[in-house]
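# Observations on the three-dimensional arrangement
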Amino acid sequence: EGCSDIIKCGSSKDVLAAKPAQNVITAYDRVQRRGMSACLFGSGGTCCRNCNMGPCQIIDGIEDMLGICGVSADTVAARNFARIVAAGSASHTDHAREMVKGFIETAKGHGPHQIKDVEKLKSLAAVFDVATEDREINEIALEVGEKALAEFGKQDDEPLSMTKRATAKRQALWKKLNIFPRGVDREVVEMMHRTHMGVDQDYENIMLQASRCALSDGWGSSMLSTELTDIMFGTPVPRRSIVDLGVLKPDQVNIAVHGHEPLLAESLCIAAQDPEMVELAKKQGAKGINLAGVCCTGNEILMRRGIPVAAGFVQQEIAIATGALEAMVVDVQCTMESLAQVANGFHTDIITTNYRAKMPGGVHIQFDEHEALNSAKQILTHAIKNFKKRGECFIPEEKKLDVVVGFSHETINYMLGGRFRASYRPLNDNIINGRIRGIGVMVGCDNFRLADDTHELIARHLIKNNVLVLATGCAATSLGRAGLVNPEAARFCGDSLAEICETVGMPPVLHMGSCVDNSRILVAATQIVKEGGLGEDITDLPAIGTAPLWMSEKAVAIGQYFVASGAQVVFQDLPVSGAKKFNKYLLEGLMGPLGAHWNVESDPQKLAELMVAKIDAKREALGI
Ligand code: BF8
């Protein structure tokens, strides 16, 4: 239905045009039907619903259009923005808490998982002052896990443990501004309190807490989640796989794993190899069990196991519209309510697995972390039994172009540094000598309102200009579909970046994982600074981040922790345009306290050019 200017992905188009999808209504259709006329107060950030004297729709500069309490457009927009940051941080935090609890279970020897990366465990033990000498691995892991869990509810005013990894200059700045994050949960609570009616009315002060709250996500919960998940399931190393709707198999039980917490997905991966499960699938007439990822869960198992990704955020309904899924198993975040509506027209079941996230029309099978394998088998059994009910289906032809993924910061260190001197030195040298012009970080979602090749367009401009791209989340999935997460994509690069990619055998777009794995980028950027020659803080690096097609609140939390860590970011839009002074403060003023600020550029080509220009300005300031 008239979505051709937005859907560019060939596989998505093919599925939607095929017979099984004829009666499917997707979010793309809803965007078209609603038209593009968004509410001006909502999109400008000046609708206040924080008390019951209103709701107040504020118009900046008109005296009569202040809120009933006298609140200005700037305060309302700042409070709304800060609440977005709090919600995004809360999502990463609740996810991380589950991972830490799962890690503790593993350390106790319960369940199907083990401590896989002992070296990483020891380096984390050093951060938490946990002794490692002459101790059993699981004993160390248990103490690390318990100290990690304590970071969530910490009530004293001491900084979160991981913040000691930041550069000395950044730590001094956080101290001066009094924004060192303290307890992970506490920062979200304080943010919600300060944006309640009648509390903080100073947008600069509100942004200090928004920064602290976001930092508790980036340097707290997200980083804990990434680290403990790596220790438990293995730190990603480069591996080949595929990103495409075409990875579904006509003769196998297809199960999509969608959501965020990899405890569920890892357990499903283990259970799917169980002979008992494979036998059951065969009894139903299938040749086997095919797991395929969607959204960030997809990225987690892609990075660590090489399990193919079927779909990014905007393709979740389309995956069901193939008619080839026996089940889509979901946990938390980014799973749309429409999934069950689309599945209603097929034999597919949406299996919800987390008490926090149920769905009308879904089948709920609670995943029990204490009985992880049994839960996983129960879920698989339900899916397998659907195979016989499969009707007509259409699976697009699998793309021949694959992806090479698995670029943890350890891998980048090792790949560029070589076997005998794993370090960031060669990367720094290549940035200093200009063969790599800078680093473009591309993260976050895709969005049904905007063309699905936007990431590709921006990334192509960056790599053509010798900017190395680091990607996570659905942005990375989108770049995978575009064939850029692949060493052969060196041919699209400028000469010097192409030469490096060819020598090392790496893609010009390095897939670093899911959205919580943006914490890897904080660590990598800090390591680059500490390696020397590129300034004293992240703010000096020729690097810039973008989440062009952001849709979720988590993306704004990530943007804010990048800015508060000293990195510039650029989005295509932000809901603050209705408040002149606050808008200017985000887009310029934050430079004063934080040494970095937000940028907005709606045109993707101009956004890409802005990224290169910002990188060049940093190079100039460094005198390189
Ligand atoms: O955490 S990139 S659409 S799946 S929010 Fe969601 Fe955005 Fe995808 Fe993962 Ni991140």
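Structure report, in brief. (Residues numbered from 1 in each chain as written. Predicted model: local features only at pLDDT ≥ 70, side-chain atom pairs only at ≥ 80, totals over all residues. Heavy atoms only, no water.)

## What to know about empty space enclosed by the protein
The following threshold applies: For cavity detection a 1 Å grid was placed over the protein atoms alone, and a set of points counts as a cavity when a 1.4 Å probe fits there but cannot get out; an open set counts as a pocket when protein lies on both sides within 12 Å along at least five of seven lines, with lining residues being those that have an atom within 4 Å of a point. Grid points are joined across faces, edges and corners, and a volume is the space filled by probe spheres set on the points. A run of H or I in DSSP becomes a helix once it reaches four residues, and a run of E becomes a strand once it reaches two; helices and strands are each numbered from the N terminus.
Under the definition given, this model contains five cavities of 30 Å³ or more. What the largest cavity holds in volume is close to 220 Å³. Forming the walls of the largest cavity are 22 residues, and the residues nearest its centre are Ile439, Val441, Ile521, Ala525 and Ala543. The set of elements that each furnish at least two residues to the lining of the largest cavity consists of strand E11 (438-442), strand E12 (467-471), helix H21 (518-531), strand E14 (543-546) and strand E15 (568-571). The greatest single-element share of the lining of the largest cavity, amounting to five residues, is contributed by H21.

## Concerning the pattern of salt bridges
Selection rule: Just to be clear on terms, a salt bridge is a Lys or Arg side-chain nitrogen sitting within 4 Å of an Asp or Glu carboxyl oxygen. Between buried and exposed lies partly exposed: a residue is buried under 20% and exposed over 50% of the maximum accessible area for its type, with that area taken using a 1.4 Å probe on protein chains only.
This structure, assessed with the given rule, holds 42 salt bridges. Its salt-bridge partner being arginine 97, residue aspartate 185 comes within 3.1 Å of it at the nearest N-O pair. One end of the pair, aspartate 185, is in helix H8 (residues 184-194); the other, arginine 97, is in helix H4 (residues 73-107), and 88 residues separate them in sequence. Of the charged contacts, one joins aspartate 251 and lysine 287 as a salt bridge, the two residues approaching to 3.5 Å between their closest N and O atoms. With aspartate 251 in the loop between strand E3 (239-241) and strand E4 (253-258) and lysine 287 in the loop between helix H11 (275-283) and strand E5 (289-294), this residue pair connects regions lying 36 residues apart in the sequence. For aspartate 251, a relative accessible area of 30% puts it in the partly exposed group. Where salt bridges share partners, they join Lys120, Arg165, Glu227, Asp230, Glu300, Arg304, Glu410, Asp517 and Arg520 into one cluster.

## A short note on the site of the ligand
We apply this condition: If even one non-hydrogen atom of a residue comes within 4 Å of a molecule or strand, that residue is called near it. Any pair of N or O atoms that falls within 3.5 Å is considered a polar contact. Within protein, one atom must be able to donate a hydrogen and the other to accept it, and sequence-neighbouring residues count only if both atoms are side-chain atoms. Charged means Asp, Glu, Lys or Arg here, nonpolar means Ala, Val, Leu, Ile, Met, Phe, Trp, Tyr, Cys or Pro, and polar covers whatever is left, Gly included. As used throughout, domain bounds are those supplied by an automatic or database domain assignment.
Around the ligand, the neighbouring residues are His260, Cys295, Cys296, Phe313, Cys334, Gly444, Cys445, Cys474, Cys515, Met551, Ser552 and Lys554. Histidine 260 places a polar side-chain atom, nitrogen or oxygen, 2.8 Å from an oxygen atom of the ligand. Grouping the constituent residues of the shell around the ligand by class yields eight nonpolar, three polar and one charged. Each of domain 3 (245-389) and domain 4 (403-622) gives at least three residues to the shell around the ligand.

## So, helix H10 (residues 262-272)
Judged by how many residues are buried, H10 sits mostly within the fold: ten of eleven residues are covered. For H10, every residue scored as buried is listed here: Pro262, Leu263, Leu264, Ala265, Glu266, Ser267, Leu268, Cys269, Ala271 and Ala272.

## Notes on the coordination of the nickel atom of the ligand
To be explicit about the condition: Note that water is not among the atoms considered, so a metal site may appear incomplete; the donors listed are N, O and S atoms within 2.8 Å of the metal, with 3.2 Å applied to Na, K and Ca. Every geometry call rests on angle ranges, with four donors termed tetrahedral when all angles are between 85 and 135 degrees, four termed square planar and six termed octahedral when opposite donors are over 155 degrees apart and all others are between 65 and 115, and everything else termed irregular.
If you check the protein contacts of the nickel atom of the ligand, you find one donor only, Cys515 (SG), at 2.2 Å. Coordination at the nickel atom of the ligand is irregular, judged from the four donor atoms that bind it and the angles of 92 to 152° they form at the metal. Among the secondary structure elements, cysteine 515 is positioned in the loop between strand E13 (509-511) and H21.

## Some thoughts on the sheet that holds E11
In plain terms, the rule: Strands qualify as paired when DSSP identifies two bridges or more between them. Only C-alpha atoms enter the line fits that serve as axes; for helices the fit covers just the stretch in contact. Angles between N-to-C directions range over 0 to 180 degrees.
Within the open sheet, the six strands sit side by side as E13-E12-E11-E14-E15-E16. Their pairing is parallel. What marks the edges here is a single partner per strand, and that holds for E13 and strand E16 (598-600). Each strand axis lies, on average, 25° off the axis of its neighbour in the sheet, ignoring direction. Here four bridges tie E11 to E14, and the two strands are oriented parallel to one another. Bridging from a neighbouring strand, valine 441 pairs with glycine 545 of E14.

## Brief notes about the nonpolar core
Worth spelling out the cut-off: Among buried residues, those of type Ala, Val, Leu, Ile, Met, Phe, Trp, Tyr and Cys that are joined through side-chain atoms within 4.5 Å constitute a nonpolar core. Contacts are assigned to residue pairs that have any heavy atoms within 4.5 Å of one another.
By size, the foremost hydrophobic cluster in this structure holds 173 residues, and its most contacted members are Phe81, Leu291, Phe582 and Trp598. The element best represented in this core is H4, accounting for 15 residues. If sequence neighbours within four positions are ignored, leucine 291 has contacts with Ile255, Val257, Leu268, Cys269, Ala272, Ile307, Pro308 and Leu380. With 40 residues, the next largest nonpolar core counts Cys3, Val31, Ala310 and Ile350 among its residues.

## What to know about the environment of isoleucine 500
With respect to the helices and strands, the residue isoleucine 500 is situated in helix H20 (residues 495-504). For the pair isoleucine 500 and glutamine 605, spaced 105 residues apart in the sequence, the C-alpha separation amounts to 25 Å. Other than its neighbours up to four places away in sequence, isoleucine 500 contacts Asn430, Arg435, Ile436, Gly505 and Met506.

## Let's talk about the pairing of E14
Applied cut-off: The handedness rule is simple: strands pointing away from the viewer, and a clockwise path from the first strand over the helix to the second, make the crossover right-handed.
Here three bridges tie E14 to E15, and the two strands are oriented parallel to one another. Across the sheet, the residue bridging to threonine 546 is valine 570, located in E15. Each parallel crossover has a hand, and for E14 linked through helix H22 (residues 553-564) to E15 it is right-handed.

## Let's talk about the sheet that holds strand E8 (residues 349-352)
Pairing within the open sheet is parallel, and its six strands lie in the order E6-E5-E4-E7-E8-E9. Looking at the sheet topology across the chains shown, the edges are occupied by strand E6 (309-311) and strand E9 (363-364). Note that E5 and E6 share two bridges and pair parallel. Bridge pairing links valine 294 to alanine 311 in E6. Of the strands in this sheet, E4, E5, strand E7 (327-330), E8 and E9 are in contact with helix H15 (residues 372-384), which crosses E4 at around 130°.

## Quick word on the layout of surface pockets
Counted as a void, the largest pocket has a volume near 860 Å³. Val31, Arg34, Ala38, Asn447 and Arg449 are the residues nearest the centre of the largest pocket, which is lined by 21 residues in total. For the lining of the largest pocket, the element with the most residues is helix H2 (residues 27-34), which contributes four residues. Here the residues of the lining of the largest pocket are counted per class, giving twelve nonpolar, five polar and four charged. Each of domain 1 (10-64) and domain 4 (403-622) accounts for three or more of the residues forming the lining of the largest pocket.

## Thoughts on the packing of aromatic side chains
For clarity, the threshold we go by: To pair, rings of Phe, Tyr and Trp, with the six-membered ring standing in for Trp, must have centres within 6.5 Å; the planes then decide the type, stacked if under 30 degrees apart, edge-to-face if over 60, and tilted in the middle. Criterion for a charge above a ring: Lys NZ or Arg CZ within 6 Å of the ring centre, and within 35 degrees of the ring normal.
Considering all chains together, one arrives at eleven aromatic pairs under this definition. When the centroid spacing of 5.5 Å and the interplanar angle of 85° are considered together, the rings of phenylalanine 81 and tryptophan 598 count as edge-to-face. Residue phenylalanine 81 is located in helix H4, and its partner tryptophan 598 is located in strand E16; the two are separated by 517 residues in the primary sequence. Taking the relative accessible area as the measure of exposure, tryptophan 598 reaches 0% and is therefore buried. Note on phenylalanine 571 and tryptophan 598: the rings are 4.9 Å apart at their centroids and 80° apart in plane angle, and the pair reads as edge-to-face. Of the two residues, phenylalanine 571 sits in strand E15 while tryptophan 598 sits in strand E16, which places them 27 residues apart along the sequence. Sitting over the face of the ring of phenylalanine 492, arginine 460 holds its NZ or CZ atom 4.3 Å from the ring centroid.

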